[in-house]
Amino acid sequence: MYFHELDDEIEMQEIEDLGLNRQRYMVRERQDNFHGWNEEQFFNRFRVTKNTALHINGLIEDNIRHRTDRNHAVSPLQQLLVALRFYACGSFQIVAGDFGGLHRTTSGQIIRRVSRAIAELSPVYIKMPDTVEEMAIIKQGFYAIARFPRVIGAIDCTHIRIQNPGGEHAENFRNRKGFFSINVQAVCDANYKIRNIVCRWPGASHDSHIFRNSTIRMKFENNEMENSILLGDSGYPLCHYLITPINNPTNPAEHYFNECQIGTRTIIERTFGIWKRKFPILSLGLRNKLPMCQDIIVATAIIHNIARDQNEAMELDDIEIDQDNNVIAPVNVENNARQPYIDYFQGLL
């Protein structure tokens, strides 16, 4: 008998003498969740098509692959499906782990690893247009909605519920509706793609404050977006590159301006609705630490954009529009910012 076998027997005897039972190493059966479901069943469980899942796996597999296949290592595709299941159900990590035949701790590590790997793709998949040709295409898409010219994006904020983050600044995350959240700012295009996202501000932050401190504002301030504008609601400051509705329209041209501005701008609210419906975890709430919450928010936005690139069908029926009536912040209004557009719509009457 070898010495290490003798040592093991002695150790087991000592454990038995103490009345202790050593837990045996157990490998749970792992279902083949990629091939085990047809396309419709797969989409209902993971909220993306198989082609989209394979595409995402190809982008991140080198970053999440284990260095060895020892100890029944989880493959990159299996890891991705665990994370997608977590995003799709808004459930506890233990539920996502059970679905993949994994321990809760393992599933938590996988979700963290996959979310970080996908979030790191943001410079490629969440970006404003940077060529004149791409800007022109986006403007044409917005113009087709309600004939509003020069629009490069619609901007708004939405609250993503989180658990109490704790610490001395926890109350900063309690929004005016009374729950803890991250106030996420996003800009979308006419194809429901998220072109810019900011998810670092606590729920008590006002939309205008987030915009004032954002890089997207600096892009417009530095004239990087050419002759383009954003459309926002009344919670944002009116300026030459951010056009908001008229609070009290007084003539037909102003009413028509408001109708077209609101009709075009609401695409951001519909984008939020599609995004949250695709990944219910964003509506039900995140129970993770703040850095991981931010990674999950960005990761789901990237997956949403990839799904749009893959021409996945959107669920547009019964989308709940997030009509968050913002308190108007005191801002310096450029009174002539809207006038060229009011004159333009006057000519269309």
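The preceding data block contains the structure.
Heads up: these notes are all about the structure in this document.

What counts and how
- Residues numbered from 1 in each chain as written.
- Predicted model: local features only at pLDDT ≥ 70, side-chain atom pairs only at ≥ 80, totals over all residues.
- Heavy atoms only, no water.
- Core = buried A, V, L, I, M, F, W, Y, C linked by side-chain atoms within 4.5 Å.
- Buried < 20%, exposed > 50% of the residue type's maximum accessible area, 1.4 Å probe, protein only.
- Helix = DSSP H or I, 4+ residues; strand = E, 2+ residues; numbered from the N terminus.
- Contact = heavy atoms within 4.5 Å.
- Pairing = 2+ DSSP bridges.
- Phe/Tyr/Trp six-rings, centres within 6.5 Å; stacked < 30°, edge-to-face > 60°.
- Salt bridge = Lys/Arg side-chain N within 4 Å of Asp/Glu carboxyl O.
- Expected span 1.5 Å × (residues − 1).
- Axes fitted to C-alpha atoms, helices over the stretch in contact; angles between N-to-C directions.
- Parallel < 35°, antiparallel > 145°, perpendicular 65-115°, else oblique.
- Left-handed = near helix turned anticlockwise from the far one by under 90°.
- Nonpolar A, V, L, I, M, F, W, Y, C, P; charged D, E, K, R; others polar.

Description of the nonpolar core
Logical step 1: Judged by nonpolar contacts, the single largest core of 96 residues is most densely connected at Y87, F148, W275 and I297.
Logical step 2: Broken down by element, the residue count for this core peaks at 10 residues, all from helix 14 (residues 290-309).
Logical step 3: The residues contacting I297, other than those within four sequence positions of it, are I160, I182, V184, I197, C199, W275, L282 and L286.

Let's talk about the sheet that holds strand 1 (residues 151-161)
Logical step 1: In spatial order, the strands read 3-2-1-4-5; together these 5 strands make up an open sheet with mixed pairing. Looking at which strands have only one partner, the edges of the open sheet turn out to be strand 3 (194-202) and strand 5 (242-243).
Logical step 2: Two strands pair when backbone bridges link them, and strand 1 and strand 2 (residues 181-188) are joined in this way by 8 bridges, in the antiparallel orientation. Bridging across to strand 2, I160 finds its partner in I182.

Details of the packing of aromatic side chains
Logical step 1: Applying the stated criterion across every chain, the model contains 14 aromatic pairs.
Logical step 2: Where Y87 meets F279, the ring centres are 6.2 Å apart and the plane angle is 85 degrees; that geometry is what we call edge-to-face. Taken as a pair, Y87 in helix 4 (residues 76-89) and F279 in the loop between helix 12 (267-278) and helix 13 (281-284) lie far apart in primary sequence, 192 residues in all. The residues Y87 and F279 share a single accessibility class, namely buried.
Logical step 3: Both rings, one in F220 and one in Y241, keep their centres 5.4 Å apart while their planes meet at 20 degrees; by these two values the pair is stacked. Of this pair, F220 sits in helix 10 (residues 215-221) while Y241 sits in the loop between strand 4 (229-231) and strand 5, and the two are 21 residues apart along the sequence.

What about the pairing of strand 3?
Logical step 1: When you tally the buried positions in strand 3, you get 8 out of 9 residues, the bulk of the element.
Logical step 2: Pairing geometry for strand 2 and strand 3, over 6 bridges, is antiparallel. Residue pairing across strands places I182 opposite P202, the latter belonging to strand 3.
Logical step 3: What sits between strand 2 and strand 3 in their antiparallel hairpin is a turn of 5 residues, with Y192 showing a positive phi close to 65 degrees.

So, the pattern of salt bridges
Logical step 1: All chains considered together, the criterion is met by 11 salt bridges.
Logical step 2: Between E224 and K219 there is a salt bridge, with the nearest N and O atoms lying 3.7 Å from each other.
Logical step 3: Assessed through its relative accessible area of 42%, E224 is described here as partly exposed.
Logical step 4: Between E312 and K278 there is a salt bridge, with the nearest N and O atoms lying 3.1 Å from each other. One end of the pair, E312, is in the loop between helix 14 and helix 15 (339-348); the other, K278, is in helix 12, and 34 residues separate them in sequence.

With respect to the pairing of strand 2
Logical step 1: Burial analysis of strand 2 places 8 of its 8 residues in the buried class, which makes it a mostly covered element.
Logical step 2: Taking every second residue as pointing to the same face, both faces of strand 2 are buried, with S181, N183, Q185 and V187 on one and I182, V184, A186 and C188 on the other.

Description of helix 4
Residues spaced three or four apart along an α-helix point in a common direction, a consequence of the helix completing one turn every 3.6 residues.
Logical step 1: A rise of 1.5 Å per residue sets the reference length of helix 4, with its 14 residues, at 20 Å; its end C-alpha atoms lie 20 Å apart and thus fit the reference within 8%.
Logical step 2: Taking burial as the measure, the 14 residues of helix 4 include 12 buried ones, the bulk of the element.
Logical step 3: Among all positions of helix 4, only P76, L77, Q79, L80, L81, V82, A83, L84, R85, F86, Y87 and A88 are buried.
Logical step 4: Just past helix 4, the residue G90 takes up positive phi, approximately 60 degrees.

Quick word on the packing of helix 8 (residues 132-146) against helix 11 (residues 252-265)
For any two helices packed against each other, the geometry comes down to the angle between their axes and how far apart the axes lie.
Logical step 1: Contact geometry for helix 8 and helix 11: axes closest at 9 Å, N-to-C directions at 125 degrees. Viewed along their axes, helix 8 and helix 11 adopt a mutual orientation that is oblique. By crossing handedness, the relation of helix 8 to helix 11 is classed as right-handed. The residues of helix 11 that touch helix 8, namely those facing F142, I145 and A146, are C260, G263 and T264.
Logical step 2: Its residues placed into classes, the contact of helix 8 with helix 11 shows 4 nonpolar, 2 polar and no charged.

Quick word on the packing of helix 11 against helix 15
Logical step 1: Running from N to C, helix 11 and helix 15 cross one another at 100 degrees; their axes reach a closest spacing of 8 Å. Taken together, the axes of helix 11 and helix 15 lie roughly perpendicular to each other. Here A253, E254, Y256, F257 and C260 of helix 11 come into contact with helix 15, specifically with Y341, I342, F345, Q346 and L348.
Logical step 2: Counted by class, the contact of helix 11 with helix 15 contains 8 nonpolar, 1 polar and 1 charged residues.

Re the environment of F257
Logical step 1: Counting through the fold element by element, F257 comes out in helix 11.
Logical step 2: Residue classification places F257 among the buried residues on the basis of a relative accessible area of 0%.
Logical step 3: Counting along the chain gives 109 residues from F257 to F148, while the straight-line C-alpha distance between them is 8.6 Å.
Logical step 4: Excluding residues that lie within four positions of it along the chain, F257 makes contacts with F148, I243, T244, P245, I246, R338, Y341, I342 and F345.

Considerations on unusual backbone geometry
Both trends apply: most residues other than glycine have a negative phi, and most peptide bonds are in trans.
Logical step 1: Residues other than glycine seldom take positive phi values, yet R47 does so here, at roughly 70 degrees.
Logical step 2: Tracing the chain through its elements places R47 in the loop between helix 2 (39-46) and helix 3 (50-64).
Logical step 3: For R47, a relative accessible area of 10% corresponds to the buried category.
Logical step 4: For R147, which is not glycine, the phi torsion reads 65 degrees and is therefore positive.
Logical step 5: With respect to the helices, strands and loops of the structure, R147 is situated in the loop between helix 8 and strand 1.

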